[in-house]
Amino acid sequence: MAVKVYVVYYSMYGHVAKLAEEIKKGASSVEGVEVKLWQVPETLSEEVLGKMGAPPRSEAPEITPQELAEADGVLFGFPTRFGMMAAQMKAFFDATGGLWREQSLAGKPAGIFFSTGTQGGGQETTPLTAVTQLTHHGMVFVPVGYTFGAKMFDMETVHGGSPYGAGTFAGDGSRWPTEVELEHAFHQGKYFAGIAKKLKAGASSA
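Definitions and limits used
- Residues numbered from 1 in each chain as written.
- Predicted model: local features only at pLDDT ≥ 70, side-chain atom pairs only at ≥ 80, totals over all residues.
- Heavy atoms only, no water.
- Helix = DSSP H or I, 4+ residues; strand = E, 2+ residues; numbered from the N terminus.
- Buried < 20%, exposed > 50% of the residue type's maximum accessible area, 1.4 Å probe, protein only.
- Polar contact = N/O pair within 3.5 Å; in protein donor to acceptor, adjacent residues only side chain to side chain.
- Contact = heavy atoms within 4.5 Å.
- Salt bridge = Lys/Arg side-chain N within 4 Å of Asp/Glu carboxyl O.
- Phe/Tyr/Trp six-rings, centres within 6.5 Å; stacked < 30°, edge-to-face > 60°.
- UniProt positions renumbered as here; feature names shortened; annotations may be inferred.
- Core = buried A, V, L, I, M, F, W, Y, C linked by side-chain atoms within 4.5 Å.

Let us now look at the side chain of His187. For His187, the location among the structural elements is in helix α7 (residues 179-205). Its relative accessible area of 19% is what places His187 among the buried residues. Only 3.5 Å separates the side chain of His187 from the backbone nitrogen of Phe148, close enough to count as a polar contact. Setting aside anything within four residues of it in sequence, one finds His187 in contact with Val144, Thr147 and Phe148.

Here is the structure:
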């Protein structure tokens, strides 16, 4: 059976959605892995979103908490809000109490990717504080580490991302993920899918 990897994200302005698309490509490049993009429900009204200048939502379907249990592994993506995940993603996690009671996600691998406004805006604190959500569900956090290689040490160009996962800087909203950031996202998707595949194979043979 194919390994199911879900890429679940929230993206107000499209930066995280761009990373999600590249992560899907990377994960899909692993043989025997099926990848599906999902977005979490919006909690703000159309009126408020309009005042904030948010563009129309992507075409990715909205996921319900129960559908998380169908996946063999999940990559969660979100923008930062003062160094932590956006409220929309937190609201989604808050709705997973039923899964928590049954420990339906326990043992499943999980990864994180993110977008921040500035270099000091949460490229480490955003994923770090999100790990608590995974921990209570018993999920296995799979950081990308430094497996992306030499480009993580590049000091000549500005680029997001950290050992926790792929990332980008949105700035005032006009900056979009660079080629290196998209490469990092592709790598994370591929790396994560490989881990998820090994874990499922191990569980099947146990």
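The rest of the description comes next.
Tallied over the entire structure, the rule returns 7 salt bridges. A salt bridge links Glu47 to Lys51; the shortest N-O distance between them is 3.5 Å. Note that Glu47 and Lys51 are positioned in helix α2 (residues 46-51) at a spacing of 4 residues, about one turn of the helix. Accessibility expressed as a relative area gives 55% for Glu47, which makes it exposed.

As enumerated under the stated definition, the model contains 4 aromatic pairs in all. Ring geometry for Phe76 versus Phe93: centroids 4.9 Å apart, planes at 50°, classification tilted. With Phe76 in strand β3 (residues 73-81) and Phe93 in helix α4 (residues 87-94), the pair connects residues that are 17 residues apart, well separated along the chain. The class of Phe93 is buried, set by a relative accessible area of 7%. Aromatic side chains Phe92 and Phe93 sit 6.4 Å apart centroid to centroid with 65° between the ring planes, which places their arrangement in the edge-to-face category. Both residues of the pair, Phe92 and Phe93, belong to the buried class. Taken together through their ring pairs, the aromatic side chains of Phe76, Phe92 and Phe93 make up a single cluster.

So, about the UniProt feature "domain: Flavodoxin-like" (unreviewed entry) in the chain. Feature annotation in UniProt assigns "domain: Flavodoxin-like" (unreviewed entry) to the following positions: residues 5-192. As a span, residues 5-192 carries 35% helix and 19% strand, and end to end its C-alpha atoms are 9 Å apart.

Turning our attention to the nonpolar core. Membership of the largest hydrophobic core comes to 27 residues, with the highest contact counts inside it found for Val8, Ile63, Leu68, Val74, Phe76 and Met89. Contributing elements (two or more residues each) for this core: β1 (3-9), β3, α4, β5 (109-116) and α6 (125-137). Leaving out residues up to four positions away in the same chain, Val8 has contacts with Trp38, Val40, Ile63, Leu68, Val74, Leu75, Phe76, Gly77 and Met89. Counting residues in hydrophobic clusters, the runner-up holds 24 residues, among them Ala20, Ala27, Leu37 and Ala193.

The subject of this paragraph is α6. Within the span of α6, buried status applies to Thr126, Pro127, Ala130, Val131, Gln133, Leu134 and His137. Downstream of α6 by one or two residues, Gly138 has phi in the positive range, about 75°.

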